[in-house]
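A look at the structure
The lines below spell out each chain.
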2 protein chains.
Amino acid sequence: MEKINKVAIVGGTHGNEFTGIYLVKKFEKFPDLISRTNFETQILFANPQAFELVRRYVDTDLNRCFKLQDLENQNKTNYEETRAKFINQMLGPKGNPKFDFILDLHTTTANMGLTIVLANNHPFNLKTAAYLSSVEPDVRVYSWINPGEENAFVNSICELSFGIEVGPIAQGTLKADLFQKTEKLVQASLDFIENFNEGKLNLINQDIIVYKHLKVVDYPKTEDGEITAMIHPELQGRDYEQLTPGEPIFLTFDGETIYYEEEIPTWPVFINEAAYYEKGIAMCLTKKERITF
Amino acid sequence: MEKINKVAIVGGTHGNEFTGIYLVKKFEKFPDLISRTNFETQILFANPQAFELVRRYVDTDLNRCFKLQDLENQNKTNYEETRAKFINQMLGPKGNPKFDFILDLHTTTANMGLTIVLANNHPFNLKTAAYLSSVEPDVRVYSWINPGEENAFVNSICELSFGIEVGPIAQGTLKADLFQKTEKLVQASLDFIENFNEGKLNLINQDIIVYKHLKVVDYPKTEDGEITAMIHPELQGRDYEQLTPGEPIFLTFDGETIYYEEEIPTWPVFINEAAYYEKGIAMCLTKKERITF
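As the structure is a computational prediction, the values presented were derived from the model and not from experiment. (Residues numbered from 1 in each chain as written. Chains lettered and ligands numbered in written order. Predicted model: local features only at pLDDT ≥ 70, side-chain atom pairs only at ≥ 80, totals over all residues. Heavy atoms only, no water.)

**Re the packing of helix α5 (residues 123-135) of chain A against helix α6 (residues 176-197) of chain A**
All names here are of chain A. Axis separation between α5 and α6 bottoms out at 10 Å; the angle between their running directions is 125°. Considered as vectors, α5 and α6 are oriented oblique to each other. Relative to α6, the crossing made by α5 is right-handed. Facing α5, whose interface residues are Phe124, Lys127, Thr128, Tyr131, Leu132 and Val135, α6 presents Lys184, Leu185, Ala188, Ser189, Asp191, Phe192, Ile193 and Phe196. Residues of the contact of α5 with α6, tallied by class, amount to nine nonpolar, two polar and three charged. (Axes fitted to C-alpha atoms, helices over the stretch in contact; angles between N-to-C directions. Helix = DSSP H or I, 4+ residues; strand = E, 2+ residues; numbered from the N terminus. Parallel < 35°, antiparallel > 145°, perpendicular 65-115°, else oblique. Left-handed = near helix turned anticlockwise from the far one by under 90°. Contact = heavy atoms within 4.5 Å. Nonpolar A, V, L, I, M, F, W, Y, C, P; charged D, E, K, R; others polar.)

**What about the UniProt feature "domain: Succinylglutamate desuccinylase/Aspartoacylase catalytic" (unreviewed entry) in chain A?**
As recorded in UniProt, the feature "domain: Succinylglutamate desuccinylase/Aspartoacylase catalytic" (unreviewed entry) lies at residues 4-193 of chain A. A distance of 7 Å separates the end C-alpha atoms of residues 4-193 of chain A, which is 35% helix and 19% strand. (UniProt positions renumbered as here; feature names shortened; annotations may be inferred.)

**Considerations on the side chain of Thr115 of chain B**
Residue and element names in this part refer to chain B. Position of Thr115 relative to the elements: it lies in strand β4 (residues 113-118). For Thr115, the side chain forms a polar contact with the main-chain oxygen of Met112, separated by 2.8 Å. Residues in contact with Thr115, not counting those within four places in the same chain, are Arg140, Tyr142, Gly163, Ile164, Glu165 and Tyr240. (Polar contact = N/O pair within 3.5 Å; in protein donor to acceptor, adjacent residues only side chain to side chain.)

**Looking at the relation of the copies chain A and chain B**
Take chain A, turn it by 180°, move it 0.0 Å along the axis, and it overlays chain B with an RMSD of 0.0 Å. Here the copies are linked by what is in effect a two-fold axis. When C-alpha distances to the rotation axis are compared across chain A, the minimum falls at Ala170 of chain A, with a value of 2.3 Å. The residues that chain A uses at the interface reappear at the interface of chain B in 100% of cases, marking a shared surface. (Least-squares fit on C-alpha atoms with pLDDT ≥ 70 in both.)

**Focus: unusual backbone geometry**
The omega torsion across Gly167 of chain A and Pro168 of chain A is 10°, close enough to zero to call that bond cis. With respect to the element layout, Pro168 of chain A can be found in the loop between β6 (161-167) and α6.

**Observations regarding the UniProt feature "active site" (unreviewed entry) in chain A**
Residues and elements named next belong to chain A. Annotation from UniProt places "active site" (unreviewed entry) at Glu165. The topology assignment puts Glu165 in strand β6. For Glu165, a relative accessible area of 9% corresponds to the buried category. Aside from chain neighbours lying at most four places away, what touches Glu165 is His106, Thr107, Thr108, Gly113, Leu114, Thr115, Val117 and Phe270. (Buried < 20%, exposed > 50% of the residue type's maximum accessible area, 1.4 Å probe, protein only.)

Right, dumping it as structure tokens:
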């Protein structure tokens, strides 16, 4: 890995996550904001049709369309599947991409603060994340990797890449403070790449806390698939806090508490993300680890 | 006005406002929760198709379909327009309804807490609201009346009626604490009606603070209708707090602050409601008044 020549900033992969969309529009209007001396930056508004409809997607979740076999499957022709192929041609192709780094901007209804979502643990990604943590101490790093499974995110086109996930923000809204913080993280990422290209990396910390994905937990449901419980009030908003065995996780509509019954503590994230109800995800469980690199 | 014989509890007028939907489902499963000695209570799941799609509506906002001329217009035939006519037949007809009281359950992404939304200032509605305030001190009363304009809400079918609007809740999610508080307000409303029917009204307070609707404020926009600013961080979440001339209301994407420039203070509500972006409403301005009844 010598030098990063082309960076893509992607917004609006989900059409109802406005922060990335209006940031990309801003960067389009003021390209100087994202231009740096030693690489080229391009923006991509990934799913404009979904934005028109103020929905996450038109036909299917675009950010689950980037597995190689799906990109190559000629029968995958709906709007997002087609859009994924176009994006893969533009930024990729996956495995041998024209772009060296992809930054994909998301929001969540969960209390995720400022999260870097890693699709792989490449040292460069970890180093960038560590730098962003030094710029903005609230940054947390979530490594969403299912061992043995290919990642399907748009940013998985490049090995060097991550998503930025900020929240809580309701779908279809903007929050000015988080808009500004997201912009700051984008700027800092570009600064870091610029310094990397100049060989001026001066990282104080050579380790980082990473929340490693373990598994997802679904809502309690009837046999017909209807949810029977909500996130427990004592867990709501407690993303990245330690959850120990015996603590409440759900409250049924009838008022009964359901407890976390695993044997080891966990650090849940994406608690009560709106878009994950249909995916059968009430939260993702992680393991907190310090990684040295 | 002698006695209330039939009460309708409406949930899911908007398909992505889950609190009312799952409350109505709960009441369907446990009808004893809403049965009282001296009147009949029925539930109505107003927009099940929109819920299936996890959207506010399929074709048009159901809660703007209840003007008499629209209910009578044979050319209004899309899903919600048709549904409105059905609901009007079931609960109404508007002006001469089969039901005496309608309670319509909503959520908002704005920080509205527990709000009673009045479509008219009938003393009975004010008395019920005052009672709910005594049960739950966080309750606020918003009188959303445009003088000279017919109300188009589902609960406008009955003169005795109001909406309950709780937030902040992201669309397509549940928050257990607000679910429980909403349920408590429904229960308290039914208790109040039961006591009213028995002639046992024992209200300590005979006045109430009402936030009276003045006008809506749109986002700053380009000539093409694209928004150019967000709710200012200093205003975000400050629903029902006094806004005085000269205070910030918007922050443009470029970082410029826009100030409230009217001459008198106001109390904004529905600040940053997701569903109102498309309606051209960044917030509603109100006047805080004490009403004696």
